[in-house]
Amino acid sequence: MSVVLHVTGRVLAGPEDVRDELWVLDGRVTYDRPSSAARDIRTVTGWAMPGLVDAHCHVGLDAHGAVDAATSEKQAITDRDAGTLLIRDAGSPADTRWIDERDDLPKIIRAGRHIARTRRYIRNYAHEIEPADLVAYVAQEARRGDGWVKLVGDWLDRGMGDLAACWPRAEVEAAIAEAHRLGARVTAHCFAEDSLRDLVEAGIDCIEHATGLTEDTIPLFAERGVAIVPTLVNIATFPRLAAGGEAKFPRWADHMRRLHERRYDTVRAAYDAGVPVFVGTDAGGSLAHGLVAAEVAELVRAGIPALEALSATSWGARAWLGRPALEEGAPADLVVYDQDPRADVRVLAAPRRVIVNGRVIE
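These lines cover the structure that appears in this document, whether it is placed above or below.

Cut-offs used in this document
Residues numbered from 1 in each chain as written. Predicted model: local features only at pLDDT ≥ 70, side-chain atom pairs only at ≥ 80, totals over all residues. Heavy atoms only, no water. Salt bridge = Lys/Arg side-chain N within 4 Å of Asp/Glu carboxyl O. Helix = DSSP H or I, 4+ residues; strand = E, 2+ residues; numbered from the N terminus. Buried < 20%, exposed > 50% of the residue type's maximum accessible area, 1.4 Å probe, protein only. Pairing = 2+ DSSP bridges. Expected span 1.5 Å × (residues − 1). Arc of directions from axis to C-beta. Contact = heavy atoms within 4.5 Å. Axes fitted to C-alpha atoms, helices over the stretch in contact; angles between N-to-C directions. Parallel < 35°, antiparallel > 145°, perpendicular 65-115°, else oblique. Nonpolar A, V, L, I, M, F, W, Y, C, P; charged D, E, K, R; others polar. Core = buried A, V, L, I, M, F, W, Y, C linked by side-chain atoms within 4.5 Å. Polar contact = N/O pair within 3.5 Å; in protein donor to acceptor, adjacent residues only side chain to side chain.

### Observations concerning the pattern of salt bridges
Consideration 1: Counting across every chain of the model gives 30 salt bridges.
Consideration 2: Across the pair Glu173 and Arg169 runs a salt bridge whose closest N-O atoms are separated by 2.6 Å. One end of the pair, Glu173, and the other, Arg169, are both in helix H3 (residues 169-181), four residues apart, so they sit about a helical turn from each other.
Consideration 3: Since its relative accessible area comes to 34%, Glu173 is described here as partly exposed.
Consideration 4: With its nearest N and O atoms 3.1 Å apart, the salt bridge here joins Glu201 to Arg169. Placement of the pair is Glu201 in helix H4 (residues 196-201) and Arg169 in helix H3, with a sequence separation of 32 residues.
Consideration 5: On the accessibility criterion, Arg169 (27% relative accessible area) is partly exposed.
Consideration 6: The network of salt bridges with shared partners includes Glu73, Arg80, Asp81, Arg102 and Asp104.

So this is what it looks like as structure tokens:
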């Protein structure tokens, strides 16, 4: 006799598609009541929605580089217990493929390892290379990843004393074309303004952080359909970072403060222009895991309507990443809350039940 899960109350199959119930049979969603009565039925009641998406997360990484499997597992469990059941891992030097064999952990879409300019990124994180090798390394990571490649588009240039673009235009164009030929999309870490136009005109698919967007580049993003993942919970650390580096790099520190000060206006202007916006926390590195609810709240604070902010971590984000939500036959990855998260996104911070592959996590 197999166990059937019955989810009742209100099921948010889509932003406006609200149903009274769903069933979970053999780890899959169905809206048809199972015919056999000889089953053990467990009922969960509340407001259910697809497992949340963190579209910028780093499992297997801490402030010093790759971590061991036990630490990676703790990171994945922390995200899971916060309701994050789909992660786009935006760069990690660790091998976390073993997570794919676990039916109690989030599903991960990997971007391989960061690709950065020599001595222009955090130590032990990235392949650090020069422009002549960019195409080869992008091809390598496209084959290793799950349909994404991650570039470091800008970083502190110590000679200039400020943020600066890392790659010449011609090499970026060739690298992105190669990734697309291999069936991978490309994203890039970008804090500042200078690298954005070249990356977008070269065909990039997404920009992480995107604090350097301006009234000149926002229309270009909208026209090309280039998504952004603002990671506002990470951008909140800019004043602290600026204070720590001001003595040595005052120009950079001032720039970081200005990017921070206009962060909400930047995100809202991008959203208003039609730029796709998705939820990402930048967990890993120096930031804690399990912050997805805080990031959704930050998007709302920036002026994005609550329903759109929810979509950016659920229905819309899953569609963007090519993964199902709560349609018939989809893996039963869902989160259940006591109240309607559409009415108040702060509800996301307190899941009542987390269900992974039809399994209720106790």
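### Focus on the pairing of strand S8 (residues 84-89)
Consideration 1: In terms of burial, S8 is largely enclosed, as six of its six residues are buried.
Consideration 2: One ladder, built from four bridges, connects strand S5 (residues 52-57) with S8; its direction is parallel. Bridge assignment links Leu52 to a residue of S8, and that residue is Thr84.

### Some words on the pairing of strand S13 (residues 154-157)
Residues in a regular strand point their side chains to alternate faces of the sheet.
Consideration 1: Two strands pair when backbone bridges link them, and S13 and strand S14 (residues 162-165) are joined in this way by four bridges, in the antiparallel orientation. For Trp155, the partnering residue across the bridge sits in S14 and is Ala164.
Consideration 2: Between S13 and S14, which pair antiparallel in sequence order, lie four residues; one of them, Gly161, sits at a positive phi of approximately 80°.

### Thoughts on helix H8 (residues 250-261)
Consideration 1: Compared with an ideal rise of 1.5 Å per residue, which puts twelve residues at 16 Å, H8 spans 17 Å between its outermost C-alpha atoms and is within 8% of the ideal.
Consideration 2: Turning to H8, its buried residues number three or more, namely Trp252, Ala253, His255, Met256, Leu259 and His260. All buried residues of H8 project into a common sector of 160° when viewed along the axis, lining one side.
Consideration 3: In this structure, the buried side of H8 is in contact with S13, S14, helix H6 (232-235), helix H7 (238-245) and helix H9 (263-273).

### Description of the sheet that holds strand S1 (residues 3-12)
Consideration 1: The strand order across the open sheet formed by seven strands is S3-S2-S1-S4-S18-S19-S20, and the pairing between neighbours is mixed. Of all strands in the sheet, those with a lone pairing partner are strand S3 (28-30) and strand S20 (359-361), marking the two edges. Averaged over neighbouring strand pairs, the angle between their axes works out to 40° when direction is ignored.
Consideration 2: As paired strands, S1 and strand S2 (residues 18-25) are joined by six bridges and run antiparallel to one another. The residue of S2 that forms the bridge with Val7 is Leu22.

### What to know about the packing of H7 against H8
Consideration 1: Remark: H7 packs on H8, axes separated minimally by 8 Å, with the N-to-C direction vectors making an angle of 170°. Taken together, the axis directions place H7 and H8 in an arrangement best described as roughly antiparallel. The residues of H8 that touch H7, namely those facing Phe238, Pro239, Leu241, Ala242, Ala243 and Gly245, are Pro250, Trp252, Ala253, Met256, Arg257, Leu259 and His260.
Consideration 2: Looking at side-chain class alone, the contact of H7 with H8 contains ten nonpolar, two polar and one charged residues.

### Thoughts on the nonpolar core
Consideration 1: Counting 79 residues, the largest nonpolar core has Ile204, Ile207, Phe221 and Leu299 as its most contacted members.
Consideration 2: Beyond its immediate chain neighbours, meaning those up to four positions away, Leu299 contacts Pro230, Leu232, Val267, Val277, Val279, Ile304, Ala309 and Ala312.
Consideration 3: Counting 16 residues, the second largest nonpolar core, distinct from the first, contains Leu5, Val11, Tyr31 and Ala48.

### Overview of the environment of Glu128
Consideration 1: Its location among the elements puts Glu128 in strand S11 (residues 127-129).
Consideration 2: For Glu128, a relative accessible area of 32% puts it in the partly exposed group.
Consideration 3: Taking the C-alpha atoms as reference points, Glu128 and Glu223, separated by 95 residues in sequence, lie 32 Å from one another.
Consideration 4: There is a polar contact of 2.7 Å between the side chain of Glu128 and the backbone nitrogen of Arg119.

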